[in-house]
Amino acid sequence: MSESSTGAAAAEAVTEAAAAAGNWRRAGVAGAALGVLAAGAAAGVAIERLTVGRGMRKKARLALDAAGPYGSLRGMPGTAYADDGTELSYEVEEVETDGEQAARRRRLLGRRAPAPVTVVFSHGYCLSQDSWHFQRDALRGAVRAVYWDQRSHARSGRGVDQAERDVPVSIDQLGRDLRAVIDAAAPEGPLVLVGHSMGGMTTMALADQFPELIRERVVGVALVGTSSGKLGQVNFGLPVAGMNAVRRVLPGVLRTLGSQAELVERGRRATADLFAGVIKRYSFSSRDVDPAIARFAERMIESTPIDVVAEFYPAFAEHDKAAALERFAGLPVLVLAGEKDLVTPSEHSEAIAALLPDADLVLVPDAGHLVMLEHPDAVTDRLAELLARAGAGRAAADAGSSSG
């Protein structure tokens, strides 16, 4: 690329950033606040701006949306009801008994017969059950599994308490939601609980409020890219002084955004191209992440309404479930994170493992927050090991009790 063309591309980036800021300003005061962020975001995507034109980027997104297979897997649908009446959408993948699935079970779990467990997957903030695409594909038919969408996300209903009664979202509420899903989709039998990010926090909240369920039915736990607390200290890879300023204003900005959701969504769509680079930075670490996977993550995050984003954010600062981790003591536990996670840094996984000294701690190199999409084989292999341990553990326990 010549110096003149580089300069022209750089000028285009600045022009688009200014236009993006203008689009946000038309959404009102809240839009003006995000307009500043939009202009600043240009620096994070400068390299892509210098090498790929806007029209080409748009065509590439459309092609990826049309051809990408990610998020296409579906199971038997069901609906659970939270204690406030919110409809919680889940899907069940049942065990298949043909020869191919038996071979898959043997390969993944070290056993020919189905493991006597149900695996319940809980997703993270601004994501959906489809974020487990690769793990779902690998385990499909080999083990009974439940995938669900958190309240106000994807196919689940808008939180009734939030929409009708202005009750703040809490991680404790999400724990009760998970209990409702378990009661509906897996009312009996041993369980393995798998949670990513907010889903991991949801799992901890379940343990905190329903210790008898953990004691009587849970035979394994996987906590992926999550935290037991102190999320208010995370700097997201930004200078500490700057992040402290952001923390002071962000809750108010988000509240204002949520109150002007329709106008803000217009501005959000107008600046989607600009923020794609920001989403990628905070989702992945690898430079060569598959563009189709990056676009898949982008679509999930973009599909979360701004008022839902605003509602959930304050709950993370209040989250503190370190004491609840003792409910998992004595169980097979996997604690896994990307080494370069900027959202829930790997130090938070190390802190969890320190409170569960028998847990397996796995830090995946060159991986960010969406480690299960970025390095799916590493995550799937570790989950298979956990499932094998959990199935063998329950079988051994049952044999021991029956012989006594």
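Moving on, we come to the pattern of salt bridges. Taken as a whole, this structure holds 22 salt bridges when the rule is applied. With a closest N to O distance of 3.1 Å, E94 and R144 form a salt bridge. On the criterion of sequence distance, the pair formed by E94 in the loop between β2 (87-93) and α5 (99-109) and R144 in strand β4 (residues 144-148) is long-range, its members being 50 residues apart. For the salt bridge of R389 with D360, the shortest nitrogen-to-oxygen distance reads 2.8 Å. Separated by 29 residues along the polypeptide, R389 in helix α18 (residues 376-403) and D360 in strand β8 (residues 360-364) bring together distant segments of the chain. Taking the relative accessible area as the measure of exposure, R389 reaches 34% and is therefore partly exposed. You can call D360 partly exposed: its relative accessible area is 32%.

When you line up the elements, Q135 lands in helix α6 (residues 133-139). Once the C-alpha coordinates of Q135 and F121 are considered, the two residues, 14 residues apart in sequence, prove to be 9.9 Å apart. Each residue touching Q135, except ones within four places of it in the same chain, is listed here: F121, Y147, M372, P376, V379, T380 and L383. Looking at Q135, its side chain comes within polar contact range of the main-chain oxygen of M372, at 3.2 Å.

As enumerated under the stated definition, the model contains six aromatic pairs in all. Aromatic side chains Y70 and F296 sit 5.9 Å apart centroid to centroid with 40° between the ring planes, which places their arrangement in the tilted category. Taken together, the positions of Y70 in the loop between α4 (54-67) and β1 (76-81) and F296 in helix α14 (residues 291-302) put the pair 226 residues apart, joining distant regions of the chain. Each member of the pair, Y70 as well as F296, is classed as buried. Feature note: the residues Y70, F134 and F296 constitute an aromatic cluster, connected by ring pairs.

Thresholds applied
- Residues numbered from 1 in each chain as written.
- Predicted model: local features only at pLDDT ≥ 70, side-chain atom pairs only at ≥ 80, totals over all residues.
- Heavy atoms only, no water.
- Salt bridge = Lys/Arg side-chain N within 4 Å of Asp/Glu carboxyl O.
- Helix = DSSP H or I, 4+ residues; strand = E, 2+ residues; numbered from the N terminus.
- Buried < 20%, exposed > 50% of the residue type's maximum accessible area, 1.4 Å probe, protein only.
- Contact = heavy atoms within 4.5 Å.
- Polar contact = N/O pair within 3.5 Å; in protein donor to acceptor, adjacent residues only side chain to side chain.
- Phe/Tyr/Trp six-rings, centres within 6.5 Å; stacked < 30°, edge-to-face > 60°.

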